[in-house]
Amino acid sequence: MTPEQLITQRLEQVEAVLREHDLWQSTPPDASAFDSREPFCLDTLEPLQWVLIPRMHAPIAVRHPLLQNFAVAPYYEMALAPDQPGIEPLLLTLRQLDALLKDAAV
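Novice: Give a description of the overall build of the protein chain that names residues and reports values.
Specialist: Of the regular secondary structure elements, the protein chain holds 4 helices and 0 strands. Helices (α) and strands (β) of the protein chain occur, in sequence order from the N terminus, as α-α-α-α. Its C-alpha radius of gyration of 14 Å places the protein chain within 12% of the 13 Å reference for a compact globule of 106 residues. Dimensions along the principal axes, computed over C-alpha positions, put the protein chain at roughly 35 × 30 × 25 Å. Every one of the 106 residues in the protein chain was classed for burial, and the buried ones make up 35%. For the protein chain, the accessible surface area stands at approximately 6500 Å², while carbon and sulfur atoms represent 54% of it. Distance between charge centroids for the protein chain: 7 Å, based on 7 positive and 15 negative side chains.

Here it is as structure tokens:
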């Protein structure tokens, strides 16, 4: 598998974990939700669904290089409540995504 395919597969796993734990939103947020001052709009929407996943898929789709040495899991480890349903499988999947991105030259 190419690095792009592996990253796409991991993003699909993030989505699957969100869906499994009822964290996936079926209705798009209002445009004002993106006006948040919090990183990834954490206070106004489900940031993985509406910010991270689309912004990771976009450069892959046009074969644009992704950020290298990018890590999202540490932010979510601190930002999400430790007792939130699905937090452990979500963080594990995000750590796996980070590992792919660490040295990816896609």
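Having seen it, we continue.
Novice: Residues and numbers for the side chain of serine 36, please.
Specialist: If you trace the backbone, serine 36 turns up in the loop between helix H1 (3–20) and helix H2 (47–61). A polar atom in the side chain of serine 36 sits 2.9 Å from the backbone nitrogen of glutamate 38. Only 2.4 Å separates the side chain of serine 36 from the side chain of aspartate 43, close enough to count as a polar contact. Beyond its immediate chain neighbours, meaning those up to four positions away, serine 36 contacts Cys41, Asp43 and Thr44.

Novice: Please provide a residue-by-residue account of the nonpolar core, values included.
Specialist: In this structure, Ile7, Leu48, Leu90 and Leu94 are the most contacted members of the largest nonpolar core, which totals 22 residues. The dominant element in this core, judged by the number of residues it contributes, is helix H4 (residues 87–102), at 6 residues. For leucine 94, the contacting residues outside a window of four places in its chain are Val14, Leu48, Leu52, Val72, Ala73 and Tyr76.

Parameters and conventions
All residue numbers refer to positions counted from 1 along the written sequence of the respective chain. Owing to the predicted nature of the model, reporting of local features is limited to residues with pLDDT of at least 70; listing and counting of side-chain atom pairs is limited to 80 or more, with chain, interface and lining totals taken over all residues. No hydrogens and no water enter the side-chain calculation; it runs on all heavy atoms of the structure. Secondary structure follows DSSP: runs of H or I at least 4 residues long count as helices, runs of E at least 2 residues long count as strands, and numbering of each begins at the N terminus. The globule rule used for comparison is 2.2 Å times the number of residues to the exponent 0.38, while the radius of gyration itself is calculated over C-alpha atoms. Under the scheme applied here, a residue whose accessible area is under 20% of the maximum for its type counts as buried, over 50% as exposed, and between as partly exposed, the area being computed with a 1.4 Å probe on protein chains only. Working definition of accessibility: Shrake-Rupley area with a 1.4 Å probe, residue cover restricted to the visible protein chains. This count recognises Lys and Arg as positive and Asp and Glu as negative, with His and chain-terminal groups excluded. By convention, the charge on Lys lies at NZ, on Arg at CZ, on Asp at CG and on Glu at CD. Within 3.5 Å is the distance limit for a polar contact, defined as a pair of N or O atoms, with the added protein rule that one can donate a hydrogen and the other accept it, and that residues adjacent in sequence qualify only through two side-chain atoms. When checking whether two residues touch, look at their non-hydrogen atoms; a contact exists if any pair is within 4.5 Å. Put simply, a nonpolar core is a bunch of buried Ala, Val, Leu, Ile, Met, Phe, Trp, Tyr and Cys residues held in one set by side-chain atoms that sit within 4.5 Å of each other.

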